[in-house]
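# Geometric and topological summary
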Amino acid sequence: MNVSLHRASPMNLPARGAQRGGFLLEALVGILIFTLGVLGLLALQGRAIGYSSDAQYRGEAAYLANAYLAKMWADQPGALPVRYVASGQTEYDAFQQAVFRLPGADAIADNPTVTLVQPPPNGQIADAGGGISLNSTSSLVTIVIRWRQPSAEGGAPQIHNYTMTSILGLN
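On a predicted model such as this, the values are computed, not experimentally measured, just so you know.

## Overview of the sheet that holds strand β1 (residues 113-117)
As summarised here, the arrangement of the three strands in space is β1-β4-β5, forming an open sheet in which the pairing is antiparallel. Each edge of the open sheet is held by one strand with a lone partner, namely β1 and β5 (159-169). Across the sheet, the mean angle from the axis of one strand to that of its neighbour is 15 degrees, orientation sign disregarded. Looking at chain direction, β1 and strand β4 (residues 138-148) are connected through five bridges and run antiparallel. What sits directly across from V114, in β4, is I143. Here helix α1 (residues 22-74) sits on the sheet and contacts β1, β4 and β5; the angle it forms with β5, its principal contact strand, is near 25 degrees.

## Looking at the nonpolar core
In this structure, I143 and I145 are the most contacted members of the largest nonpolar core, which totals 25 residues. When contributions to this core are tallied by element, the ones reaching two or more residues are α1, α3 (90-99), β1, β4 and β5. It is α1 that contributes the most residues to this core, eight residues altogether. Once residues within four sequence positions are removed from consideration, I145 is found in contact with A61, L64, A65, F95, V99, L102, N111, P112, H160, N161 and Y162.

## Some details on the packing of aromatic side chains
Where two aromatic rings form a pair, the distance of their centres and the angle of their planes describe that pair. With the rule as written, the count across this model stands at two aromatic pairs. For the ring pair Y68 and F95, a centre distance of 3.9 Å and an interplane angle of 10 degrees mean the geometry is stacked. Taken together, the residues Y68 in helix α1 and F95 in helix α3 connect sequence positions 27 residues apart. The pair Y68 / F95 is uniform in exposure class, with both members buried. A connected cluster of aromatic rings, assembled from ring pairs, spans Y68, Y84 and F95.

What counts, and at which threshold
- Residues numbered from 1 in each chain as written.
- Predicted model: local features only at pLDDT ≥ 70, side-chain atom pairs only at ≥ 80, totals over all residues.
- Heavy atoms only, no water.
- Pairing = 2+ DSSP bridges.
- Helix = DSSP H or I, 4+ residues; strand = E, 2+ residues; numbered from the N terminus.
- Axes fitted to C-alpha atoms, helices over the stretch in contact; angles between N-to-C directions.
- Contact = heavy atoms within 4.5 Å.
- Core = buried A, V, L, I, M, F, W, Y, C linked by side-chain atoms within 4.5 Å.
- Buried < 20%, exposed > 50% of the residue type's maximum accessible area, 1.4 Å probe, protein only.
- Phe/Tyr/Trp six-rings, centres within 6.5 Å; stacked < 30°, edge-to-face > 60°.

Right, here's the structure in full:
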């Protein structure tokens, strides 16, 4: 067995000065990529929190509208126009105060809006619009609740709304 050791010639080795800073540059590029990834995750987390709070406010508005509609359903049909549709009426004022718990809801004019369409008292079928017909024992109710989503980006808060339409039958 013949073992011969060859010494590398200086021509085959790269110059020592050419390699200086290469590792440092790779490390800096790696840190830059990692930092961009972390910043992207923080931006996504902020957006997710915004969507979560919007869902919370929308859920609260849906709950308030459903509870109000249930109150209307349980009351006498003749009491609806005098207790539930305008400011100064007992049930409407209590509902308005509950809606004002939503952010910015109290700063929006005519909020909430409750529209009541009742058929004529002569027993005829009335057209409530949108292809909906009412008989003498039913009423069409539309509830609109608006609020302003708090803005974290420094822009003007956007107005959001929840609309519920239902037909109340004679109870």
